[in-house]
Amino acid sequence: MKERLFCQMAAGVVCGILLARLNMGWLFFPVILLLLAGVMINRRKQQRISCGSESCWLAFGITAAILAAVCGYVRESSFLDMRMGYESFLQEGKTIYLQGVLNGKEEKNGQYLYELSSCQIRQSLLAGNTADKSIWTEHFCGKVQVSMESDAYSIGENLIIEGKISLWKSARNEGNFDAKSFYHAKGIEFQVKNPKVAASYGTPCRWKETLYQWKKQIKNVYQTQLPKREGGILTTMVLGDKSLLEEEVKEAYQTVGISHILAISGLHVSIIGMMVFKLLRRLRMGYCGAGIVSTVLLISYGEMVGFGSSVFRAVCMFLFFVAAQAAGRSYDSFNALGFAGVCLLIENPGLLFYAGFQFSFGAVLGVVLLGRVVKENTKGHPWLEKVLMGVAIQIATLPIVAWYYYEIPVYAVAVNLLVLPLMGVVLLCGITGGVLGLRFPGVAHYVFLPCRLLLAAYQKICDITKELPDPVFITGRPAIWNMLIYYGLLILLIYCYHRLRRKESEQNFSFRRTFVGIMAGGFLLLFLFSPKRVGFQLDVLDVGQGDGIFLRTQSGNTLFIDGGSTDVSNVGTYRIEPFLKYRGVRHIDCWVVSHTDYDHISGLQEILETDYPIDCLLFAKGIEQDTAYEKLVQQARKRGTEIVFMEQGQVLHFGSAKIRALSPGTDTEGDKNGKSLVLLYEENDFTGIFTGDIGTEQEKQIMEQQKLEEVDFYKAAHHGSKYSNSEEFLSVLSPAVAAVSCGENNRYGHPGEEAVAHMKEAGSHIFYTMKGGQIMVYKEKGEFLVSSYLEHGE
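Residues numbered from 1 in each chain as written. Predicted model: local features only at pLDDT ≥ 70, side-chain atom pairs only at ≥ 80, totals over all residues. Heavy atoms only, no water.

### Some words on the overall build of the protein
No. 1: Helices and strands together make up the secondary structure of the protein, namely 26 helices and 23 strands.
No. 2: Buried residues in the protein amount to 50% of all 794 residues.
No. 3: Restricting the contact set of the protein to residue pairs at least 6 apart, pairs at least 24 apart contribute 71%.
No. 4: Working note: accessible area of the protein is about 37,500 Å², and carbon and sulfur atoms make up 57% of it. (Helix = DSSP H or I, 4+ residues; strand = E, 2+ residues; numbered from the N terminus. Buried < 20%, exposed > 50% of the residue type's maximum accessible area, 1.4 Å probe, protein only. Contact = heavy atoms within 4.5 Å. Areas by Shrake-Rupley, 256 points an atom, 1.4 Å probe, with all protein chains shown as cover.)

Printed below as a string of structure tokens:
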């Protein structure tokens, strides 16, 4: 009980933060009553067996946990209240005056990103002394990021800046990157662009500024002494600067499960700290001296690379280790981990929802919880121990990987077994070469040789692994309850193992089999992460000015219609593919191309360059075979995707679903837009029409040539253009729901007022991607429901 005090406090802080975030503070009182009741019951039991001290320590630990929970609740509540206070004042593009302390700097894309802390903001600057704090009383916020064109100020200075507010954007589709949640979790509230520094004052922190300048110089050494790829990897791996990292390398490392070595993490700090500590001990320096020197070095290194949550955690645990060595006490990793967690979460409660924090603490918990089990069953087999330690980390972080990436690398354990043992050499040579390169570039060139060879070997391992069958398994995002069940069962299995282990002398039981059973049970829980969504699902994605529609039939067939944008770059990479993986869609049966305008195919072109499986591309038989069409067909045939054509009146069957081509016919006139493939989807009691970019002339032809009936869903033609969506066409269809896919403030004026009026007159409930993001149509309890990702509609 004495040794687990910080663990109990960390658990208390986490509970307090969660209660504040969920607005469930009323639960404190019943929980405290239950804990106190537990203490009283335990105390009575302890008194019977004369162990009063243990009861006192239990009471003390529970009291500490309750106080920590209160602190966590108060801190998170204050952050949320602060955010609500200034968010009502902030507006995109609004000019403000900002005062704050320059806390850190980062060079990215030719700009310098300044991080200001302890910030205060005003709408206007009053006359008088700008350094007078009495005039900065209107609003207060935490950290703010400022984009500077040049680096003219030192860390530690107070800056007064005039600039325009740029608010972090929320995700507009499922699975897309949510910048608002990401930066708020790190405590960075918003960004200021086009800044002008009105004044600066205060004394710079020479230590931090010196470290930053060394970082820039070492980065320059990597750029000049190494090839572009290796230089980018070492800059990322050693300095935490990703500006030189090639996207291809990042994707390869993520695919095979070694992307964690690119982030400055506890692995790096542990390797560096332990190497220095052991070296100083070999030089006969005492525990205290070696501990102080290595700790100062680690803190300086952490400050240089930004002191992320994983670095802080590793430094704290190293401090506990050194203190235990110096005091001749045993090192308790649980207590050290708990202390780091308490410090981080009290300073910034939002870190609990930050991926880096969760991965760092999850991996260490996996090693600590399962490490004892592994060591007890691998005595005399060091390589087996390493393999199973890797498995333990994978088991502990598996739900977190699935939650953030929607897929898991299948061969991660084997690849990490090859990569991690040599990471110490890479870091040692990388750091040594970077430092020597400041004065002796010629010597640094030879020091870097082992790095270059090992990084080339890493790349070869990635290339080979990617060629293996199914290097990644798409899981989709697991439900939060599935994750809780997963961890609950895992903890239960570990508990059962230790209970049985204590009875070894009484029972002739094979504990190795128990261990195998625990590991097998962990992997069996993978089934919890298989996609649970089945049945009908229709989603109109927010792709900006363009179209992108996902359709899953009742029988589970997957289709995608178009997929492109003119105002969102890399829409396939950052909006469409992440959505599909989030949903656990492992392949597309049929990808429909209504026509080949860029705003309908740009994302599809990107996805065809990846390994994402697409069975066939579907075109209209009379499609204009221009350059864009030829490129699509060439990409598809190169990867083995079938090319299918559909003519007017033809019907395709997908289980119980039917898709009928309404247009274009052989006599259809018009440009590329007018000859869009128009489809009618029918399944059970649901009908929907997908119109591409047809105009009023084509709408008239469809009414003349086809027998149309009322539909449940209507995809507004040509993004809601006033030259489409005629009153006659909509009065015949009389759609219950109309979806308009277009970009906000687009230059085409979409949607047109006339088109919107026609949809309303037809009795349609209109949803806009530009207002509400992704539009979701789904079936629940036999009823069709419609909602927007950002909760907007008319």
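### Details of the sheet that holds strand β14 (residues 642-646)
No. 1: Strands sit in the order β14-β13-β12-β11-β10-β9-β22-β23 across an open sheet of eight strands; the sheet is mixed. Edge positions in the sheet fall to β14 and β23 (783-788), since each of these pairs with one other strand and no more. Taken over all neighbouring pairs, the strand axes of this sheet differ in orientation by 20 degrees on average, direction set aside.
No. 2: Taken together, the four bridges between strand β9 (residues 537-540) and strand β10 (residues 548-552) define a ladder with antiparallel strand orientation. Each bridged residue has a counterpart across the sheet, and for valine 540 the counterpart in β10 is isoleucine 549.
No. 3: Each of β13 (616-620) and β14 touches helix α22 (residues 627-638); the most contacted strand, β13, lies at about 155 degrees to it. (Pairing = 2+ DSSP bridges. Axes fitted to C-alpha atoms, helices over the stretch in contact; angles between N-to-C directions.)

### Looking at the pattern of salt bridges
No. 1: Scanning the entire structure with this criterion turns up 21 salt bridges.
No. 2: A salt bridge links lysine 105 to aspartate 151, with the nearest nitrogen and oxygen atoms 3.0 Å apart. Residue lysine 105 is located in strand β1 (residues 95-108), and its partner aspartate 151 is located in the loop between β4 (143-148) and β5 (158-166); the two are separated by 46 residues in the primary sequence.
No. 3: You can call aspartate 151 partly exposed: its relative accessible area is 22%.
No. 4: Close ionic contact of arginine 583 with glutamate 174 constitutes a salt bridge, the shortest N to O distance being 2.7 Å. Note that arginine 583 is positioned in the loop between α20 (571-582) and β12 (590-592) and glutamate 174 in the loop between β5 and α4 (179-185), a separation of 409 residues in sequence.
No. 5: Classification of arginine 583 by relative accessible area gives buried; the value is 3%.
No. 6: What makes glutamate 174 buried here is its relative accessible area of 6%. (Salt bridge = Lys/Arg side-chain N within 4 Å of Asp/Glu carboxyl O.)

### Some thoughts on a positive patch on the surface
No. 1: On the surface, a cluster of positive charge is contributed by Lys108, Lys186, Lys242 and Lys250.
No. 2: Looking at where lysine 108 falls in the secondary structure, it is placed in strand β1.
No. 3: For lysine 108, a relative accessible area of 38% translates into the label partly exposed. (Patch = residues over 30% accessible without salt bridge, like charges linked within 9 Å, V, L, I, M, F, W, Y side chains within 5 Å. Lys, Arg positive; Asp, Glu negative; His and termini not counted. Charge placed at Lys NZ, Arg CZ, Asp CG, Glu CD.)

### Remarks on the nonpolar core
No. 1: In this structure, Leu234, Met237 and Tyr253 are the most contacted members of the largest nonpolar core, which totals 50 residues.
No. 2: The contacts of tyrosine 253, once residues within four sequence positions are left out, are Ile233, Ile258, Ser259, Ile261, Leu262, Leu455, Tyr458, Gln459 and Cys462. (Core = buried A, V, L, I, M, F, W, Y, C linked by side-chain atoms within 4.5 Å.)

### Remarks on the sheet that holds strand β19 (residues 713-715)
No. 1: The mixed open sheet is built from seven strands, whose spatial order is β15-β16-β17-β18-β19-β20-β21. Two strands bound the open sheet, and with one partner strand each, they are β15 (651-654) and β21 (765-768). Strand-to-strand twist of the sheet, defined as the mean angle between neighbouring strand axes without regard to direction, takes the value 20 degrees.
No. 2: Relative to strand β18 (residues 686-690), strand β17 (residues 678-683) runs antiparallel, the two being bridged by five bridges. Looking at β18, one finds that glutamate 683 is bridged to phenylalanine 686.

### Thoughts on the pairing of β15
No. 1: Burial along β15 is one-sided: Leu652 and Phe654 are buried, while Val651 and His653, pointing the other way, are not.
No. 2: If you look at the hairpin formed by β15 and strand β16 (residues 657-663), you'll find two residues sitting between the two strands, and glycine 655 has a positive phi there, around 65 degrees.

### What about the packing of aromatic side chains?
No. 1: The full count for this structure, using the stated rule, is 29 aromatic pairs.
No. 2: Relative to phenylalanine 339, the ring of phenylalanine 6 lies with its centre 5.1 Å away and its plane at 75 degrees, an arrangement referred to as edge-to-face. Placement of phenylalanine 6 in helix α1 (residues 5-21) and of phenylalanine 339 in helix α11 (residues 333-347) is noted, with a sequence separation of 333 residues between them.
No. 3: For phenylalanine 339, a relative accessible area of 27% gives the class partly exposed.
No. 4: Three or more aromatic residues joined by ring pairs form one cluster here, namely Trp168, Phe177, Phe182, Tyr183 and Tyr354.
No. 5: A cation over a ring is seen here: arginine 477 above tryptophan 403, with NZ or CZ 4.0 Å from the ring centre.
No. 6: Cation over ring: lysine 771 sits above tyrosine 768, and NZ or CZ is 4.5 Å from the ring centre. (Phe/Tyr/Trp six-rings, centres within 6.5 Å; stacked < 30°, edge-to-face > 60°. Lys NZ or Arg CZ within 6 Å of the ring centre and 35° of its normal.)

### Examining the confidence of the model for the protein
Interpretation of the predicted coordinates at a detailed level should be avoided for regions scoring low in pLDDT.
No. 1: The predicted model of the protein has a mean per-residue pLDDT of 86, with 89% of residues at 70 or higher.
No. 2: Throughout residues 505-509 the model reports pLDDT below 50, and contacts reaching past four residues in sequence, or to other chains, amount to two contacts. (pLDDT = per-residue confidence, 0-100.)

### Quick look at helix α21 (residues 598-608)
No. 1: With 10 of 11 residues buried, α21 lies mostly within the body of the structure.
No. 2: Of the residues making up α21, those classed as buried are Asp599, His600, Ile601, Ser602, Gly603, Leu604, Gln605, Glu606, Ile607 and Leu608.

### Topic: the side chain of histidine 595
No. 1: If you trace the backbone, histidine 595 turns up in the loop between β12 and α21.
No. 2: When its relative accessible area of 1% is taken as the criterion, histidine 595 is described as buried.
No. 3: A polar side-chain atom of histidine 595 sits 3.4 Å from a polar atom in the side chain of aspartate 597.
No. 4: A distance of 3.2 Å separates the side chain of histidine 595 from the side chain of aspartate 693, its partner in a polar contact.
No. 5: Once you skip the residues sitting within four places of it in the chain, histidine 595 turns out to touch Asp562, His600, Ile601, Ile623, Lys672, Asn673, Ser676 and Asp693. (Polar contact = N/O pair within 3.5 Å; in protein donor to acceptor, adjacent residues only side chain to side chain.)

### Focus: the packing of helix α10 (residues 309-327) against α11
No. 1: Their axes nearest at 9 Å, the elements α10 and α11 cross at an angle of 135 degrees. Classified by the interaxial angle, the pair formed by α10 and α11 is oblique. Considering how the two elements wind past one another, α10 and α11 form a crossing that is right-handed. Counting all contacts with α10, which are made through Ser309, Phe312, Arg313, Cys316, Met317 and Phe320, the residues of α11 involved are Ser333, Asn335, Ala336, Leu337, Phe339, Ala340, Cys343 and Leu344. (Parallel < 35°, antiparallel > 145°, perpendicular 65-115°, else oblique. Left-handed = near helix turned anticlockwise from the far one by under 90°.)

### What about the packing of helix α5 (residues 206-225) against helix α15 (residues 423-436)?
No. 1: The N-to-C vectors of α5 and α15 enclose an angle of 105 degrees; their axes lie 8 Å apart at closest approach. Relative to α15, α5 is oriented roughly perpendicular. Taken together, the residues of α15 that come into contact with α5 (itself represented by Ile218, Val221 and Tyr222) are Gly430, Ile431, Gly433 and Gly434.

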